[in-house]
Amino acid sequence: MVESGLFYSTFIDPLLVKMREKVGTQISENENVVDIACGTGAQVFELAKKSKFVTGVDLSASMIKRANQTKNKTRVENVNFSICDATNLKIFTSKEFDVATMSLALHQFPPALYTPVLNEMKRISRRIIIVDYSVPLPQSIVGYGSRLAEFMAGKEHHGNFRKFYKNGGLESILKKNDISIEKSFYFAGNVFQLIVGSESTK
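Worth saying up front: this structure is predicted, and the values here are computed from it rather than measured.

**What to know about the pattern of salt bridges**
Here's step 1: Applying the stated criterion across every chain yields a total of seven salt bridges.
Here's step 2: The shortest N-O distance in the salt bridge between Glu21 and Lys18 comes to 3.8 Å. Of the two residues, Glu21 and Lys18 both sit in helix H2 (residues 17-24), three residues apart, roughly one turn of that helix.
Here's step 3: According to the relative accessible area criterion, Glu21 is partly exposed, its value standing at 33%.
Here's step 4: The exposure class of Lys18 is exposed, given its relative accessible area of 62%.
Here's step 5: Lys49 serves as the salt-bridge partner of Glu46, at 3.0 Å between the closest nitrogen and oxygen.

Take a look at the structure:
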């Protein structure tokens, strides 16, 4: 599948409204937030309703272009977007943000990138909020639909999804990367898992 900010904002973003709202419930007012792998910025704009300021970063120029178009159209002032590699967030200082969020992105990365991405999230924030697919996915229409969507996303994307699954999913991956889990719950028919955590002090 050819990546396109226009395609994603038209066909994918509308399906994830409830997920973005769930992430927003875990943010306190006046927090400074960074959204990693922000795509077209839909999660950023949802968080901006409550947060002091939200920064969205993504490696895709197409996604960031679309996000900035939305920013200019809606005139939301407390957001900013940058093209940036999630494995190297050197433009940000240590603990610059109260919260780092990531929504439905970790399963897209090759396993070799889990640690560098999560290390950077730990470095630049005090708290981490991540949403991704539940493992195992439920044996339901929504669960099968999620599997189909990942298959249709292309060979590389689907391969990374399967490796995410093989690695035990979100909770297992975070624990292996020294992230203490403070809160965890499932939603959307148990298709998604949301975890709130922070860097382990052990």
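From this point, things continue past the structure.
**Side note on the packing of helix H6 (residues 141-152) against helix H7 (residues 155-166)**
Here's step 1: Relative orientation of the contacting elements H6 and H7 amounts to 135°, with a least axis distance of 7 Å. Overall, the two elements H6 and H7 adopt an arrangement that is oblique. Contacts between H6 and H7 pair Arg147, Glu150 and Phe151 from the former with His157, His158, Phe161 and Tyr165 from the latter.
Here's step 2: For the contact of H6 with H7, a count of residues per class yields three nonpolar, two polar and two charged.

**Topic: the nonpolar core**
Here's step 1: Ranked by internal contacts, the top residues of the largest apolar core, which has 53 residues, are Ile36, Met102 and Met121.
Here's step 2: Non-local contacts of Met102, meaning those with residues more than four positions away in its chain, are made with Asp35, Ile36, Phe109, Val117, Met121, Ile129, Ile130 and Val131.

**Here we look at a nonpolar patch on the surface**
Here's step 1: Among the surface-exposed residues, Leu148, Phe151 and Met152 lie close enough to one another that they form a single nonpolar patch of about 340 Å² accessible area.
Here's step 2: One can find Met152 in helix H6.
Here's step 3: When its relative accessible area of 53% is taken as the criterion, Met152 is described as exposed.

Thresholds applied
- Residues numbered from 1 in each chain as written.
- Predicted model: local features only at pLDDT ≥ 70, side-chain atom pairs only at ≥ 80, totals over all residues.
- Heavy atoms only, no water.
- Salt bridge = Lys/Arg side-chain N within 4 Å of Asp/Glu carboxyl O.
- Helix = DSSP H or I, 4+ residues; strand = E, 2+ residues; numbered from the N terminus.
- Buried < 20%, exposed > 50% of the residue type's maximum accessible area, 1.4 Å probe, protein only.
- Axes fitted to C-alpha atoms, helices over the stretch in contact; angles between N-to-C directions.
- Parallel < 35°, antiparallel > 145°, perpendicular 65-115°, else oblique.
- Contact = heavy atoms within 4.5 Å.
- Nonpolar A, V, L, I, M, F, W, Y, C, P; charged D, E, K, R; others polar.
- Core = buried A, V, L, I, M, F, W, Y, C linked by side-chain atoms within 4.5 Å.
- Patch = residues over 30% accessible without salt bridge, like charges linked within 9 Å, V, L, I, M, F, W, Y side chains within 5 Å.
- Areas by Shrake-Rupley, 256 points an atom, 1.4 Å probe, with all protein chains shown as cover.

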